[in-house]
Amino acid sequence: MAQYILNTPLTDADVKKLKAGDVVFLNGTIYSARDAAHKKLMELLDAGKDLPFDLKGAAIYYVGPSPAPPGRPIGAAGPTTSYRMDTYAPRLHSLGLKATIGKGKRSDEVKAAMREHTGVYFGATGGAGALLSNSITESTVIAFDELGPEAIRAMKVKDFPLLVINDCSGGELYVKPRLDTAG
Amino acid sequence: MREIPVQNVIDAVAAMCIKANTELPDDVRAKFEQAMAEETSDSAREVLRQLLENADLARDTKLPLCQDCGLAVFFVEVGDDVRVVGGNLREAINEGVRKGYADGFLRKSACHPLTRANTGDGTPAIIHFDMVPGDRLKLVYMAKGGGSENMSRVTMLSPAQGWEGIKKFVVERVAEAGPNPCPPTVIGIGVGGTFDHAAKIAKQSLMRRLDDTHPDPDIAAREKELEDALNALGIGPMGLGGNTTVLGVKITMEPCHLASLPLAVNVQCHSQRHEEVEL
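What counts and what doesn't
Residues numbered from 1 in each chain as written. Chains lettered and ligands numbered in written order. Predicted model: local features only at pLDDT ≥ 70, side-chain atom pairs only at ≥ 80, totals over all residues. Heavy atoms only, no water. Axes fitted to C-alpha atoms, helices over the stretch in contact; angles between N-to-C directions. Helix = DSSP H or I, 4+ residues; strand = E, 2+ residues; numbered from the N terminus. Parallel < 35°, antiparallel > 145°, perpendicular 65-115°, else oblique. Left-handed = near helix turned anticlockwise from the far one by under 90°. Contact = heavy atoms within 4.5 Å. UniProt positions renumbered as here; feature names shortened; annotations may be inferred. Expected span 1.5 Å × (residues − 1). Buried < 20%, exposed > 50% of the residue type's maximum accessible area, 1.4 Å probe, protein only. Domains from an automatic or database assignment. Buried area = accessible area lost by both parts, 1.4 Å probe. Salt bridge = Lys/Arg side-chain N within 4 Å of Asp/Glu carboxyl O. Polar contact = N/O pair within 3.5 Å; in protein donor to acceptor, adjacent residues only side chain to side chain. Nonpolar A, V, L, I, M, F, W, Y, C, P; charged D, E, K, R; others polar. Core = buried A, V, L, I, M, F, W, Y, C linked by side-chain atoms within 4.5 Å. Pairing = 2+ DSSP bridges.

So, the packing of helix H1 (residues 6-22) of chain B against helix H4 (residues 89-103) of chain B
When two helices pack together, you describe them by how their axes are tilted relative to each other and by the distance separating the axes.
Residue and element names in this part refer to chain B.
Reasoning step 1: Where H1 meets H4, the axes come as close as 7 Å, and the angle between the chain directions of the two elements is 40°. By the angle between their axes, H1 is oblique relative to H4. Crossing geometry of H1 relative to H4 is assigned as right-handed. Contacts between H1 and H4 involve Val6, Val9, Ile10, Asp11, Val13, Ala14, Cys17, Ile18 and Asn21 on the former and, on the latter, Leu89, Ala92, Ile93, Glu95, Gly96, Val97, Lys99, Gly100, Tyr101 and Asp103.

This is how it looks when you write it as structure tokens:
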């Protein structure tokens, strides 16, 4: 398993070298978006309008952080379960999205979109919200403030620790449950 | 009749919300440490190491352990000889949630099911009341996260399916959930009652300590059997493989209708956040 330090925006070359199981420390700007925000992004696309951030080379973090206490840029900020965004991810990958960050399994459609458009799915440790917040140095709401924890934020990250779960050549890190031995 | 001022309830609830969301229970920490020592998989040990570091950080900084501070769920036991004065008990619990989630910088995750508009203050809480003898008021709080709750299921088995049917359903449910609910999970199982009651007792099972043993040796043996079966799935911490897929299995079993075998599986994430107070 290799280790990489990558910067956003991500390029096809960045993504192509990643294999399931690799560790990545990500730097730059990533965008928070989860259930309600994705629905609104789709409405903007359907209406032919611009999105609140540039999708080209972008990384979306599926996160709804807790409120920032005084003196910190953000509250706890671990990943939410990704499959709920599977409906939306293929369209975003086709428009230039390079990476999504979350936890849990992705659909076959998302995996196919990552193969076709050179995308990658990163896992962050679920439930480690306090720890992961230490890698976020700035956070600014850039759209849908009315959604509260689900608003879209531009977040500056420094050495954000990620694992490659699905790579762009079909590799996957998650184990298959051993139903035969579970009795 | 003993009287409890309503403000005592509000303050106790607010304090429980903050403590449960920022301090990993000692029984859960002990399980993490035991799993660290026993796991042979490097990725499993690394995830557990991160979770312990996360717990230390949350305790020291008062940041929540997890950004999902849950829907606030309460099990409340109200003695026959006690009453809350100066206000309504249900409203006091909701007021305590409002205060705790605001003061503790906890995420408010309650929203309208269709418009998805956030209620803005973490309420309404889900409250289960139970009348008990005596003059005590016991409040048990759990922060129930959405990711693990979504992996939970209720099913109505046929009586002929019996224990084997229960075991098959639970194993398949945990296998299907895989990495989604933040394993290692705690599995609360309700067997019996009705469709709704099975779900309630499954959730109530999650209030038990991880290091306890069910007082009924038959049920204790079945909990162990299921725990071994689920850990044999090899899902491991965060689904990356390993022997620690669950931290514990807790079963509550109650009588049911002749025609029925209700079964509920309530999945809880590794943080197992809960607190209780007796006023």
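Okay, back to it.
Overview of the UniProt feature "domain: Fe-S hydro-lyase tartrate dehydratase alpha-type catalytic" (unreviewed entry) in chain B
Reasoning step 1: Feature annotation in UniProt places "domain: Fe-S hydro-lyase tartrate dehydratase alpha-type catalytic" (unreviewed entry) on residues 11-277 of chain B, given in this structure's numbering.
Reasoning step 2: Annotated as 40% helix and 24% strand, the span residues 11-277 of chain B places its first and last C-alpha atoms 11 Å apart.

Regarding the UniProt feature "domain: Fe-S hydro-lyase tartrate dehydratase beta-type catalytic" (unreviewed entry) in chain A
Reasoning step 1: As annotated by UniProt and renumbered to match this structure, "domain: Fe-S hydro-lyase tartrate dehydratase beta-type catalytic" (unreviewed entry) occupies residues 6-174 of chain A.
Reasoning step 2: In residues 6-174 of chain A, the share of helix is 22% and the share of strand is 27%. The end C-alpha atoms are 22 Å apart.

Focus: helix H3 (residues 42-61) of chain B
Reasoning step 1: Spanning 20 residues, H3 of chain B covers 28 Å between terminal C-alpha atoms, matching the ideal 28 Å at 1.5 Å per step.
Reasoning step 2: What H3 of chain B keeps buried is the set Ala44, Val47, Leu48, Gln50, Leu51, Leu52, Asn54, Ala55, Leu57 and Ala58 of chain B.
Reasoning step 3: Packed against the buried residues of H3 of chain B are helix H5 (129-133) of chain A together with H1 and helix H2 (26-38) of chain B.
Reasoning step 4: With its phi angle positive at about 65°, Lys62 of chain B sits one or two positions after the end of H3 of chain B.

Points about the domain arrangement of chain B
Residues and elements named next belong to chain B.
Reasoning step 1: For chain B, the assigned domains read domain 1 (2-21 + 65-144) and domain 2 (146-272).
Reasoning step 2: Measuring from the centre of the C-alpha atoms in domain 1 to the corresponding centre in domain 2 gives 25 Å.
Reasoning step 3: Domain 1 puts nine residues into the contact, and the matching count from domain 2 is 13 residues.
Reasoning step 4: Taking both partners together, domain 1 and domain 2 bury about 870 Å²; carbon and sulfur atoms supply 65% of that area.
Reasoning step 5: Looking only at domain 1, the three residues that lose the most surface to domain 2 are Phe75, Met142 and Lys144, adding up to 63% of its buried area.
Reasoning step 6: The interface formed by domain 1 and domain 2 contains one salt bridge.
Reasoning step 7: Scanning the region where domain 1 abuts domain 2 turns up five residue pairs in polar contact (both at pLDDT 80 or more).
Reasoning step 8: For the side of domain 1 that touches domain 2, the secondary-structure elements that each account for two or more residues are strand S2 (71-79) and strand S5 (137-144).
Reasoning step 9: Ranked by the residues each element gives to the side of domain 1 that touches domain 2, the list is headed by S5, at four residues.
Reasoning step 10: Classifying every residue of the side of domain 1 that touches domain 2 gives six nonpolar, one polar and two charged.

A look at the nonpolar core
Reasoning step 1: Judged by nonpolar contacts, the single largest core of 83 residues is most densely connected at Leu26, Ile101, Phe122 and Phe160 of chain A.
Reasoning step 2: Take this core: its biggest share by element is eight residues, from strand S7 (residues 152-166) of chain A.
Reasoning step 3: Apart from residues lying up to four places away in sequence, Phe160 of chain A is in contact with Val24, Phe25, Leu26, Tyr61, Ile101, Leu132, Ser135 and Ile136 of chain A.
Reasoning step 4: One finds Ala20, Cys69, Ile93 and Tyr141 of chain B within the second-largest nonpolar core, a separate group that totals 27 residues.

Re the side chain of Asn166 of chain A
Residue and element names in this part refer to chain A.
Reasoning step 1: Looking at the element boundaries, Asn166 is found in strand S7.
Reasoning step 2: Reaching out from Asn166, the side chain makes a polar contact with the side chain of Glu172 at a distance of 3.1 Å.
Reasoning step 3: Residues contacting Asn166, with those up to four places away along its chain left out, are Arg106, Lys111, Met114, Val120, Tyr121, Gly171 and Glu172.

Things to note about the sheet that holds strand S10 (residues 274-278) of chain B
Residues and elements named next belong to chain B.
Reasoning step 1: Spatial ordering of the open sheet is given by S4-S2-S5-S10, a layout of four strands whose pairing is mixed. At either margin of the open sheet sits one strand with a lone partner, and together these are strand S4 (126-132) and S10. Put simply, the sheet's adjacent strands are angled 15° from each other on average, direction ignored.
Reasoning step 2: Strand direction decides the pairing type here: S5 and S10, joined by five bridges, are antiparallel. Following the sheet pairing, Met142 is matched in S10 by His274.

Some details on the interface of chain B and chain A
Interfaces are often sized by the accessible area lost when the parts come together.
Reasoning step 1: Contact residues are listed per partner, giving 41 residues for chain B and 44 residues for chain A.
Reasoning step 2: Note on chain B versus chain A: buried area summed over both sides is about 3300 Å², and carbon and sulfur give 62% of it.
Reasoning step 3: Sorting the residues of chain B by area buried against chain A places Leu63, Gln67 and Phe105 of chain B first, and these three jointly supply 20% of that buried surface.
Reasoning step 4: Taken together, the connections running from chain B to chain A amount to zero salt bridges.
Reasoning step 5: Applying the counting rule to chain B against chain A returns 15 residue pairs in polar contact (both at pLDDT 80 or more).
Reasoning step 6: Of all the elements in the fold, those that place two or more residues in the side of chain B that touches chain A are H3 and helix H6 (162-177) of chain B.

Some points on the sheet that holds strand S9 (residues 261-268) of chain B
One key point about sheets: their strands pair by backbone hydrogen bonds, in either a parallel or an antiparallel sense.
Residue and element names in this part refer to chain B.
Reasoning step 1: Read from one edge of the open sheet, four strands run S6-S9-S7-S8, paired in mixed fashion. This sheet does not close on itself; its edge strands, each paired only once, are strand S6 (153-157) and strand S8 (246-256). Strand-to-strand twist of the sheet, defined as the mean angle between neighbouring strand axes without regard to direction, takes the value 15°.
Reasoning step 2: In this sheet, S8 lies alongside strand S7 (residues 185-193) in parallel orientation, the contact comprising eight bridges. Bridge pairing in S8 places Ile187 opposite Val249.
Reasoning step 3: Sitting on the sheet, H6 is in contact with S6, S7, S8 and S9, with an inclination near 30° to S9.
Reasoning step 4: Of the strands in this sheet, S6, S7, S8 and S9 touch helix H7 (residues 195-205), which is tilted by about 145° from S7.

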